[in-house]
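Chains, contacts and geometry: an overview
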Amino acid sequence: QVQLVESGGGLVQAGGSLRLSCAASGRTFSNYAMGWFRQAPGKEREFVAAITRWGGRTFYADSVKGRFTISRDNAKNTVYLQMNTLKPEDTAVYYCAAHWTVQGDYYSDPDEYDYWGQGTQVTVSS
C-alpha cells in the first residue's frame, strides 16, 4: 500500500507559477513510476505528466509541454510538478498517482496507476 499526499495548490493569476508536491509513504518509492493528472469541473480526468522510477525520462501532455516540469527526489519520497506560465484553462484538481513497476517506463493511462492522492486544487484567474 502506498499513501500519496499532494500539496502546493492554490489561487494564482494567469502567467504565474505554482509548484505541486506529492509525498509518498508506505513502500519503496523508487519502485514506482509516478504521474500527475488533473480534472476540471465537468470534464474527465486527463494526463498531465509522468516520470520513470529513477527520473531519467519524462513525458508531458501537449497542453503543458514547455510550461510544466515533473521531477522526483527518491531520497525524499516526493514527486514535484513545477507549473509556469499558468493559464485559466489549467484550473483543475491535480492528482498524483503511482504505478508499481520494475521497468523503466512512464505511463499516461490513468488505468495503469495503482494508487492516487486526494488531489489539490489549482485555480488560475484571468
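As a starting point, this report considers the structure included with it. What you are looking at is a predicted structure, and each value in this text was computed from that prediction instead of being measured. (Residues numbered from 1 in each chain as written. Predicted model: local features only at pLDDT ≥ 70, side-chain atom pairs only at ≥ 80, totals over all residues. Heavy atoms only, no water.)

The full count for this structure, using the stated rule, is one disulfide. In this model, C22 is linked to C96 through a disulfide, with the two sulfur atoms separated by 1.9 Å. Because the sign of the S-S torsion sets the handedness, a value of about 45° for the bond joining C22 and C96 places this disulfide among the right-handed ones. In this pair, C22 sits in strand β3 (residues 18-25) while C96 sits in strand β9 (residues 92-100), placing the two residues 74 residues apart along the sequence. (Disulfide = S-S within 2.5 Å. Helix = DSSP H or I, 4+ residues; strand = E, 2+ residues; numbered from the N terminus.)

Most of strand β5 (residues 46-51) is tucked away, with five of its six residues classed as buried. Looking at chain direction, strand β4 (residues 32-39) and β5 are connected through five bridges and run antiparallel. Bridging across to β5, F37 finds its partner in F47. Hairpin remark: β4 followed by β5, antiparallel, with six residues in the connecting loop; positive phi at G42, about 80°. With three bridges connecting them, β5 and strand β6 (residues 58-60) associate as antiparallel partners. Looking at β6, one finds that I51 is bridged to T58. (Buried < 20%, exposed > 50% of the residue type's maximum accessible area, 1.4 Å probe, protein only. Pairing = 2+ DSSP bridges.)

The phi dihedral of N77 is positive, around 55°, even though this residue is not glycine. Inspection of the secondary structure puts N77 in the loop between β7 (68-73) and β8 (78-83).

Reading across from one edge, β1-β3-β8-β7 is the order of the four strands in this open sheet, with antiparallel pairing throughout. Only two strands of the sheet have a single partner each, and these edge strands are β1 (3-7) and β7. Pairwise comparison of adjacent strand axes, ignoring direction, gives a mean angle of 15° for this sheet. (Axes fitted to C-alpha atoms, helices over the stretch in contact; angles between N-to-C directions.)

Purely geometric numbers; function is a separate question.
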